[in-house]
Amino acid sequence: MKHAWLTVDLEEWYHLDYLKDFPCRETGVRVAPQIFDFLDMLDEEGVKATFFCVAEIAAENAGILREILRRGHAVGCHGLDHELLTNKSLEQFIEETRAAKAMIETAAGAPVTGYRAPCFTMERDKLDAIRELGFFYDSSKIRFAQHPLYRNLDLEGFERADDLVYVQDGFSEYEIPTLDLLGWSIPISGGGYLRLFPFWTLRLLLGLYARKHENFTIYVHPFELTGMPLPLPEGLGRATRFRCLVGRKRNLKKLRRVIRWLKRRGARFTTLEVDRRERGLS
Ligand SMILES: [Zn+2]
């Protein structure tokens, strides 16, 4: 392996798409301020990561954003309010994203040049729009073999610069990889699967992935990086409850093992901003 990019979608647990119709926000429980063990783990492993922040929680997490930058990580934008981009008109998206970028920049005290769409819902016209707004890179492309059209961002005009990296006129798109197995794409790079599978299964799947790939992206969320209890709403179905809670307590340890596995395979962890610089893109 060559490159590994650890990315964090810095959002609250109530931003999860299946919780957004419940009054979770009012509970006052916040997970984003609980990522210090995770930050310490990254320091211990010598890993630099990229944090895409939901703008509406940037101000209340200003201290954390500055700490993230102080430790040598990068900060990007994960939308204004985590609403899916497919639910927004282009005009609304442009207006909100301009505001979101400024909100995060004010909170972090640094320029924000990277973007990740909530739930990977980036669309081509919106990708073109963020370039106009001053973003230099995006990481929203994910491909599912079982849904050839579903969320498969159109990158016509981009050149494949490297495994998972596409470039057009200095703007870069970083793909979130899936593992193709028996006609299915398994999102081994993050979310529920990373928590659900025991490490030995993950190691097996990563080994299969590494046969065909040189680079890897991981994505995680604050609620997966802390075992603190979440006051899930009563009306939540059992399957959703399981999906939300499975493997949270042991996840930080497992993530460290995944990081070490990738490093042993030769992967080098950098922020996406440093990766761009090393490719001569900025
Ligand atoms: Zn998200």
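The structure presented is a predicted model; accordingly, all values stated were derived computationally and were not measured.

Rules used throughout
Residues numbered from 1 in each chain as written. Predicted model: local features only at pLDDT ≥ 70, side-chain atom pairs only at ≥ 80, totals over all residues. Heavy atoms only, no water. Core = buried A, V, L, I, M, F, W, Y, C linked by side-chain atoms within 4.5 Å. Buried < 20%, exposed > 50% of the residue type's maximum accessible area, 1.4 Å probe, protein only. Contact = heavy atoms within 4.5 Å. Donors = N, O, S within 2.8 Å, 3.2 Å for Na, K, Ca; no water. Helix = DSSP H or I, 4+ residues; strand = E, 2+ residues; numbered from the N terminus. Pairing = 2+ DSSP bridges. Right-handed = clockwise from strand over helix to strand, strands pointing away.

### Quick look at the nonpolar core
No. 1: Counting residues in each nonpolar core, the largest one holds 87 residues, and the members touching the most others are Leu-6, Trp-13, Phe-38, Phe-51 and Ile-218.
No. 2: Residue contacts for Ile-218: discarding those within four places in its chain leaves Trp-5, Leu-6, Thr-7, Ser-189, Leu-194, Leu-255, Val-258, Leu-262 and Phe-269.
No. 3: With 5 residues, the next largest nonpolar core counts Phe-120, Ile-142, Ile-176 and Tyr-219 among its residues.

### Observations regarding the coordination of the zinc ion
No. 1: Taken together, the protein donors to the zinc ion comprise Glu-11 (OE), His-78 (NE2) and His-82 (NE2), at separations of 2.0 to 2.2 Å.
No. 2: The sequence pattern formed by the donor residues of the zinc ion is E-x66-H-x3-H. With a gap of 71 residues between them, Glu-11 in the loop between strand 1 (3–10) and helix 1 (36–45) and His-82 in the loop between strand 3 (74–77) and helix 3 (90–108) connect regions that are remote in the sequence.
No. 3: Glu-11 gets classed as buried once you look at its relative accessible area, which sits at 2%.
No. 4: By relative accessible area, His-82 is classed as buried at 6%.

### Quick notes on the pairing of strand 2 (residues 49–53)
No. 1: Strand 2 sits mainly inside the fold: 5 of its 5 residues count as buried.
No. 2: Judged by which residues are buried, strand 2 turns out to be covered on both faces: Ala-49, Phe-51 and Cys-53 on one side and Thr-50 and Phe-52 on the other are all buried.
No. 3: Of the strand pairs in this sheet, strand 1 and strand 2 are connected by 5 bridges, and their pairing is parallel. Its bridge partner being in strand 2, Asp-9 is matched across the sheet by Phe-52.
No. 4: Pairing of strand 2 with strand 3, which is carried by 4 bridges, proceeds in the parallel orientation. Each bridged residue has a counterpart across the sheet, and for Phe-51 the counterpart in strand 3 is Val-75.
No. 5: Between the parallel elements strand 2 and strand 3, the chain passes through helix 2 (residues 62–70) in a crossover that is right-handed.

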